[in-house]
Amino acid sequence: MATIELRNISMLYGANGTQHTALDNVNLKIREGEFLSLIGPSGCGKSTIIDLVSGLRVPTKGSVLIDDEPVSKPGPDRGTVFQDYSLFPWMTSFENICFAIEHTQGVHSRSAVENQARKYLEIVGLAKSGDSYPNTLSGGMRQRISIARMFSMNPKVFLMDEPFGALDSLNRIYMQDLLLHLWSERDEHKTVLFVTHDVDEALLLSDRIAVMSPSPGVIKEVIDVPFPRPRCRKSLGATAEYLSLKSHLLSVLYCEMMGELAKQEQNFRGLA
Amino acid sequence: MTKEIPRIAILVYILLAATLVLDVLIPAGPKQAVHDTSIFFGVLLLLAILFTAELFVHRKNVRATTDLFLVIVTILFFWELLFGKMSLIDPLLFPGPARVFAVFGTDWPLMLYGMMGSLGIMATGYFLALTAAISLGLYIGWRRRLYDVAYPIAKAVSPIPPTVYLPYAIVLLPSFATASVFLIFIGSFWPILVGTIYGVFSVDHRIINSARTLGLSDAQMIRRILLPGAMPSIFSGAMIALIMSFISITVAEMIAATSGLGWYIEYNHQFANYDKVIAGMILISLVVIAVMYIFDQVQKHYLRWQNV
């Protein structure tokens, strides 16, 4: 249980002269046990925010606070899942999870580590794939292992950078439900910062959604997602409230694109 | 994979039999007299047994095996026919296979002793180089500033043939063995170092980031992430180093040793014992094949996570 706070964050890339502003004065506070999604077109600085919170990068201005403590470097209090590069290819699924437990939990007894790892493999339904190397698994299975690894680390917060972005839509549905189930089945919910570009994914999973827009990266709007939990994908998608929220999100997201789209349409008409 | 036995397989047996018949029935040419042809017969028999085992027991990629054996027995047959029986080149300079293989029967203690000596020196230098170059390379690859200095130097020094150091090594070091170990160490060190540094650099940045989020210490990072991540490139460096070592030890022995395989060839060359020179060459190639096979198996084990 922890809060994440971004305070006056600005991030500049590149050498003097060709500077590119990736983030411009971003402020955001994620409450304890809250599931917050960052959504926006590519290049809006979503992943940069994950890098800053995980401590992989240091902001040019401002600071990241976890439980009011400033973040200066990566640490085991934050569990991270990336799109497809979280696992170490030279370790089996089982070894990957053991490795994470060993280095973040301070568990020294080998058998305790292995028992825990086995448990987490089981909860993502991959007890049989423990001896497989990541290269031999499908993208969906790899992400399940990554999520098992993140849960096994028992961090204060979860950071997820488009974790299902490389999966096909069926696998993605399966993974969203798995994540939702694992996250909500515990008594205390972990604080989650989740990056996606999929509006439905954000609506299904989040308590709040922060919409970002690019160049420079800013947070345009933060939207509450009021649906009660546990949420059911089927019934949720049919409600009028869901549809109106979705169309609102899409219009915020793509208002810059609308002009472009209209132009393109005119071009098509001209051709026809 | 072809499981079916190709028709030309019979040709292998025919050629083996023909070589045997040739050797038994046709009297040896002048200066080709061999006291003991049993080893040559043994080699022919061994080839037949190996081939049969590959065809009917092992049965893995039968066509490739057949083609390979066909090339070997064809060479053996024409060697026996053209040089053993017809003496196309002066048999003193290029004797037939029966004479060459007979050498193994008489000289095997000397050859075995020389082989052990050569391999011992090689292994010492090579493993010293492996240890030093990998640990140094990992650290250099990890520390940007060290890398900027070390990589250009390594690139400039690594193409210098190690045998160039031989005159100095012999003068400065107390014995031939230490000089050779040094030579092999130097020859192996650079390729492995360059391979390791390059390997550390080619570890995907996203994987390093993933490791950093676990909060690893520098030592853990190097041992558990950079070392296995750099392993594919370390192995290609180690392969070049191994080939260099073979060349270095053979050349060094030819120049300065009093035992070993390179010495054996050079020594017999001085006495115009060309049957022994060729036998030595065959032995060296067999040793190289065996060592390379072991290397491949080790590599397969360590890189088993790659495209399985």
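Nothing here was measured: the structure is a model prediction, and the numbers come from that model.

What counts and how
Residues numbered from 1 in each chain as written. Chains lettered and ligands numbered in written order. Predicted model: local features only at pLDDT ≥ 70, side-chain atom pairs only at ≥ 80, totals over all residues. Core = buried A, V, L, I, M, F, W, Y, C linked by C-beta atoms within 7 Å. Buried ≥ 20, exposed ≤ 12 C-beta atoms within 10 Å, placed from the backbone. Contact = placed C-beta atoms within 7 Å. Helix = DSSP H or I, 4+ residues; strand = E, 2+ residues; numbered from the N terminus. Domains from an automatic or database assignment. Pairing = 2+ DSSP bridges. Right-handed = clockwise from strand over helix to strand, strands pointing away. Axes fitted to C-alpha atoms, helices over the stretch in contact; angles between N-to-C directions. Parallel < 35°, antiparallel > 145°, perpendicular 65-115°, else oblique. Left-handed = near helix turned anticlockwise from the far one by under 90°. Nonpolar A, V, L, I, M, F, W, Y, C, P; charged D, E, K, R; others polar. Expected span 1.5 Å × (residues − 1). pLDDT = per-residue confidence, 0-100.

Our focus in this paragraph is the nonpolar core. By size, the foremost hydrophobic cluster in this structure holds 143 residues, and its most contacted members are Val53, Ile97 and Leu193 of chain A together with Ile192 of chain B. The contacts of Ile97 of chain A, once residues within four sequence positions are left out, are Ala117, Tyr120, Leu121, Ala148, Arg149 and Ser152 of chain A.

Comment: phi is negative for the bulk of residues other than glycine, and the bulk of peptide bonds are trans. Residue Arg229 of chain A is joined to Pro230 of chain A through a cis peptide bond whose omega torsion reads -5 degrees. Assignment of secondary structure puts Pro230 of chain A in the loop between strand S10 (218-224) and helix H7 (233-238). Of note in this structure, Arg59 of chain B is not a glycine but carries a positive phi near 55 degrees. Its location among the elements puts Arg59 of chain B in the loop between helix H2 (38-58) and helix H3 (62-85). Residue classification places Arg59 of chain B among the partly exposed positions, given that 15 C-beta atoms sit within 10 Å.

So, about the domain arrangement of chain B. Segmentation of chain B into domains returns domain 1 (9-94) and domain 2 (107-302). Each of domain 1 of chain B and domain 2 of chain B has a C-alpha centre, and these two points are 35 Å apart.

To continue, consider the pairing of strand S8 (residues 191-196) of chain A. Residues and elements named next belong to chain A. When you tally the buried positions in S8, you get 6 out of 6 residues, the bulk of the element. Residues Thr191, Leu193 and Val195 of S8 are buried on one face, and the alternating residues Val192, Phe194 and Thr196, pointing to the opposite face, are buried as well. Here 5 bridges tie strand S3 (residues 35-39) to S8, and the two strands are oriented parallel to one another. Within S8, the position partnered with Phe35 by the bridge is Val192. Where strand S7 (residues 157-161) and S8 come together, 5 bridges link them in parallel fashion. Looking across to S8, one finds that Asp161 is bridged to Val195. For the crossover that starts at S7, traverses helix H5 (residues 169-184) and ends in the parallel S8, the hand is right-handed.

Turning next to the sheet that holds S7 of chain A. All names here are of chain A. Strand order across the open sheet formed by 6 strands is S6-S7-S8-S3-S9-S10, with mixed pairing between neighbours. Each end of this open sheet is capped by a strand with a single partner; those strands are strand S6 (78-81) and S10. The mean angle between the axes of side-by-side strands here comes to 20 degrees, regardless of whether they run parallel or antiparallel. Sheet topology note: the strand S9 (residues 208-213)/S10 ladder contains 6 bridges and is antiparallel.

Residues and elements named next belong to chain B. Relative to each other, H2 and H3 sit at 165 degrees, their axes nearing to 10 Å. By the angle between their directions, the pair H2 and H3 is classed as roughly antiparallel. The interaxial crossing formed by H2 with H3 has left-handed handedness. Contacts between H2 and H3 pair Leu47, Phe51, Glu54 and Leu55 from the former with Val62, Thr65, Phe69, Ile72 and Val73 from the latter. Its residues assigned to classes, the contact of H2 with H3 comprises 7 nonpolar, 1 polar and 1 charged.

A few words on the domain arrangement of chain A. Residue and element names in this part refer to chain A. When cut into domains, chain A gives domain 1 (4-77 + 155-230) and domain 2 (89-153). On a C-alpha basis, the centres of domain 1 and domain 2 stand 24 Å from each other. Taken together, the contact pairs 13 residues of domain 1 with 11 residues of domain 2. Broken down by element, the side of domain 1 that touches domain 2 gets its largest block of residues, 6 residues, from H5. The residue makeup of the side of domain 1 that touches domain 2, split by class, is 12 nonpolar, 1 polar and no charged.

We now examine the interface of chain B and chain A. Each partner contributes to the interface: chain B provides 17 residues, whereas chain A provides 20 residues. For the side of chain B that touches chain A, the secondary structure elements donating two or more residues are helix H8 (205-212) and helix H9 (218-256) of chain B. A per-element tally of the side of chain B that touches chain A places H8 of chain B first, with 5 residues. Its residues assigned to classes, the side of chain B that touches chain A shows 7 nonpolar, 6 polar and 4 charged.

With 24 residues, H3 of chain B extends 33 Å from end C-alpha to end C-alpha; this agrees with the ideal 34 Å at 1.5 Å per step. Of the residues one or two after H3 of chain B, Ser87 of chain B is the one with positive phi, at around 50 degrees.

A separate point is the packing of helix H7 (residues 176-202) of chain B against H9 of chain B. Residue and element names in this part refer to chain B. At a minimum axis distance of 7 Å, the contact between H7 and H9 shows a crossing angle of 155 degrees. Overall, the two elements H7 and H9 adopt an arrangement that is roughly antiparallel. Along this stretch, H7 crosses H9, giving a crossing that reads as right-handed.

Scored by pLDDT, chain B has a mean of 89; 97% of the residues are at 70 or more. Scored as a whole, the predicted complex attains pTM 0.85, and scored at its interfaces, ipTM 0.84.

So, about helix H4 (residues 139-152) of chain A. Residues and elements named next belong to chain A. The first and last C-alpha atoms of H4 sit 20 Å apart over 14 residues, in line with the 20 Å expected at 1.5 Å per residue. Where burial is concerned, most of H4 is hidden: 11 out of the 14 residues are buried. The complete set of buried residues in H4 reads Arg142, Gln143, Arg144, Ile145, Ser146, Ile147, Ala148, Arg149, Met150, Phe151 and Ser152. The elements touched by buried residues of H4 are S6, helix H2 (93-105), helix H3 (110-123), S7 and H5. Within two residues after H4, Asn154 carries a phi angle of roughly 45 degrees, on the positive side.

All right, on to the environment of Met244 of chain B then. Residues and elements named next belong to chain B. Relative to the assigned elements, Met244 resides in helix H9. Owing to 25 C-beta atoms within 10 Å, Met244 belongs among the buried residues under this scheme. For Met244 and Ile184, which are 60 residues apart along the polypeptide, the C-alpha to C-alpha distance reads 7.7 Å.

The next point concerns the environment of Asn27 of chain A. Residue and element names in this part refer to chain A. Its place among the elements puts Asn27 in strand S2 (residues 20-30). Taking the number of C-beta atoms within 10 Å as the measure of exposure, Asn27 has 12 and is therefore exposed. A sequence separation of 18 residues divides Asn27 from Ile9, and the C-alpha atoms of the two residues are 6.6 Å apart. Apart from the residues lying within four places of it in its own chain, the contact partners of Asn27 are Leu6, Arg7 and Asn8.

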